[in-house]
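Listed below are the residues making up each chain.
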Amino acid sequence: MHFLGCIIPHRYPSVERATRLIFPDLGMKLLDMEGATCCPAPGVFGSFDRVTWATVAARNLTIAEESGHPITTGCNGCFASLWEANHELKEDDELREKVNNNLAEIDREFKGTIEVTHYVDALYDTAGLEKIREQVSRPFEGVRIALHPGCHWMRPKLVKQKDESERPHIFRDVCETTGAEYVPYKDELMCCGAGGAVRTADLEVALDFTKQKFDSILEAGGADLIVTPCPFCQLQLDLGQVEIQKHFGEEYVFDVMHVSEFLALAFGHEPDDFGLDTHLQYMQRKSEPNWAQILM
Amino acid sequence: MDFVDLIKKAGGPNVQSCYQCGTCSGSCPAGARTNYLVRDIIRKALLGLKEECVSVTELWYCTTCYACTDRCPQDVKPTDVIKAIRNIAVAEGHMLSNHQKVAVKVIETGHAVPLDKEMWQQLREKVGLEPIPPNASANPWAAEEVKKLSEICGFDKLIGYEEFLKAEEEKKKKKKKEG
Ligand code: SF4
Ligand code: SF4
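The rules behind the values
Residues numbered from 1 in each chain as written. Chains lettered and ligands numbered in written order. Predicted model: local features only at pLDDT ≥ 70, side-chain atom pairs only at ≥ 80, totals over all residues. Heavy atoms only, no water. Helix = DSSP H or I, 4+ residues; strand = E, 2+ residues; numbered from the N terminus. Rg over C-alpha atoms; globule rule 2.2 N^0.38 Å. Buried < 20%, exposed > 50% of the residue type's maximum accessible area, 1.4 Å probe, protein only. Contact = heavy atoms within 4.5 Å. Areas by Shrake-Rupley, 256 points an atom, 1.4 Å probe, with all protein chains shown as cover. Pairing = 2+ DSSP bridges. Polar contact = N/O pair within 3.5 Å; in protein donor to acceptor, adjacent residues only side chain to side chain. Near = heavy atom within 4 Å. Nonpolar A, V, L, I, M, F, W, Y, C, P; charged D, E, K, R; others polar.

Novice: Would you explain the overall build of chain A in this entry?
Specialist: Within chain A one finds 16 helices and seven strands. Over its C-alpha trace chain A gives a radius of gyration of 19 Å, about what one expects of a compact globule, namely 19 Å for 296 residues. Out of the 296 residues belonging to chain A, those deemed buried represent 64%. Restricting the contact set of chain A to residue pairs at least 6 apart, pairs at least 24 apart contribute 78%. When the accessible area of chain A is evaluated, it comes to approximately 10200 Å², of which 46% is carbon and sulfur surface.

Novice: Which parts of the structure should I look at to understand the sheet that holds strand S1 (residues 2-3) of chain A?
Specialist: The pairing of strands in a sheet comes from backbone hydrogen bonds and takes either a parallel or an antiparallel form. Residues and elements named next belong to chain A. The sheet built from three strands is open, its strands ordered S1-S2-S3 with parallel pairing. The open sheet has two edge strands, S1 and strand S3 (116-118), and neither has a second partner. Relative to S3, strand S2 (residues 71-73) runs parallel, the two sharing three bridges. Considered in S3, the bridge of isoleucine 71 is made with valine 116.

Novice: Looking at this model, I keep getting lost on the pairing of strand S6 (residues 225-228) of chain A. Mind explaining?
Specialist: Each regular strand carries side chains that alternate between the two faces of the sheet. Residues and elements named next belong to chain A. Residue alternation in S6 divides its side chains into two sets, Leu225 and Val227 and Ile226 and Thr228, and both sets are buried. The pairing of strand S4 (residues 144-147) with S6 spans three bridges and is parallel. Across the sheet, the residue bridging to leucine 147 is valine 227, located in S6. With three bridges connecting them, S6 and strand S7 (residues 256-258) associate as parallel partners. Its bridge partner lying in S7, valine 227 is registered against methionine 257.

Novice: Whenever I open this one, helix H7 (residues 119-127) of chain A confuses me. Can you help?
Specialist: Counting along an α-helix, one turn takes 3.6 residues, and residues three or four places apart therefore face a common direction. Among the residues of H7(A), Tyr119(A), Val120(A), Asp121(A), Ala122(A), Leu123(A) and Ala127(A) are the ones counted as buried. Gly128(A), located one to two residues past H7(A), shows a positive phi value of around 95°.

Novice: Would you mind going over the side chain of Thr34(B) with me for this structure?
Specialist: Residue and element names in this part refer to chain B. When you line up the elements, threonine 34 lands in the loop between helix H2 (23-27) and helix H3 (38-46). For threonine 34, a relative accessible area of 16% translates into the label buried. Of note is the side chain of threonine 34, whose polar atom sits 2.8 Å from the backbone oxygen of alanine 30. At 3.1 Å, the side chain of threonine 34 forms a polar contact with the backbone nitrogen of tyrosine 36.

Novice: So what exactly am I meant to see when it comes to the site of ligand 2 here?
Specialist: Lining the immediate surroundings of ligand 2 are Cys28(B), Pro29(B), Ala30(B), Tyr36(B), Val38(B), Cys62(B), Thr63(B), Thr64(B), Cys65(B), Tyr66(B), Cys68(B) and Thr79(B). Class assignment of the residues belonging to the shell around ligand 2 gives a composition of nine nonpolar, three polar and no charged.

The following block contains the structure:
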């Protein structure tokens, strides 16, 4: 079942559209999750009240449980909320009892019968690198990409047990199927600054993280493109450039793509097929992607 | 219940394993640019200095990136400890007004970032999608369920939802008078 969350469908719909193109290309079917809500944001609602966070997340999980299909989501935050709630409710009987008492009031029950995955898991584990490679009809030969894997897909590493969070390779492997050139930079694994309710609490502190990441990419010789598996990181890196200019007077010009968009282009879809030029950065700056740099 | 027990109960069960090595603060991108020191907050917590933990704005500079949690040699899970302290802070009335607004959005629409303007629907149509996605935006019953859950959990009271509504009402009235 396809969990959309808030930012993809409400602010970066090009990511939703691109996902709806590439999953069928790879033979994977996306089922709509009618009536799903905010995950709810783990660093925000988890910081306010753990039981409320777990209850609302569990409500989302029950929608997928009714269908019997696993969840996949393209957002690190949604993934963290749903995966962690699923995990904690399966392990922690006390929390599960509290949550199920709450859910009983709306005739729902968490049963713990499904798994939660991220698009990156669907791409790497379900489709597999070979199948992705077969779909690449427009290789990104010579395009230099900087990656921003973000935090919540792979951390905390001991709980999630997905990738070695100090030296992750899965997201990089997926991106490299396109033939693009991976650009290592010092702060690749650092947080974008948006998470944990910091973007809402103090925008300038959040942007200061983002600035450090941009400077670090420039120190590494720059990149033609930044790729991330998370729309909240994408928003912070994309719209964040406009905000950095406003708050600190410094200008950065990076195209930032979600991995779904990046693969859609590599699979031969046109930018207009999913509206690449609707990113908030372009809308606000009245600019366009640097087409030549991304071989369009 | 003393502060340490409160933290353990609110989601930071390993807080007492901390031996103050400072690995967490050394890994912390929030600490690198602000006065926020995760090791220091944990030390104060272990000393029972509740007020000094819950009332400082720095508490809200942690992005929950889990760099500290992945490196802490004692499995303290500092990120979870910080979130637990934030739960206690909110329960004691230390909530930032921006955060209250986000919480209200979820209570009212089911989404922290709602489809609240015509322009967002147009953006969806522009990329070739239906104007309203199949989440709570297209299903008001889903937002109703979340609202009910927030009442059952006492979340509406916790964040001061009623007071928020009253204040908004007052603002509107004032505007009307002036306008
Ligand atoms: S890294 Fe762990 S043990 Fe060391 S100071 Fe931080 S919380 Fe305490
Ligand atoms: S999770 Fe919070 S305290 Fe830990 S390193 Fe990240 S920002 Fe710092």
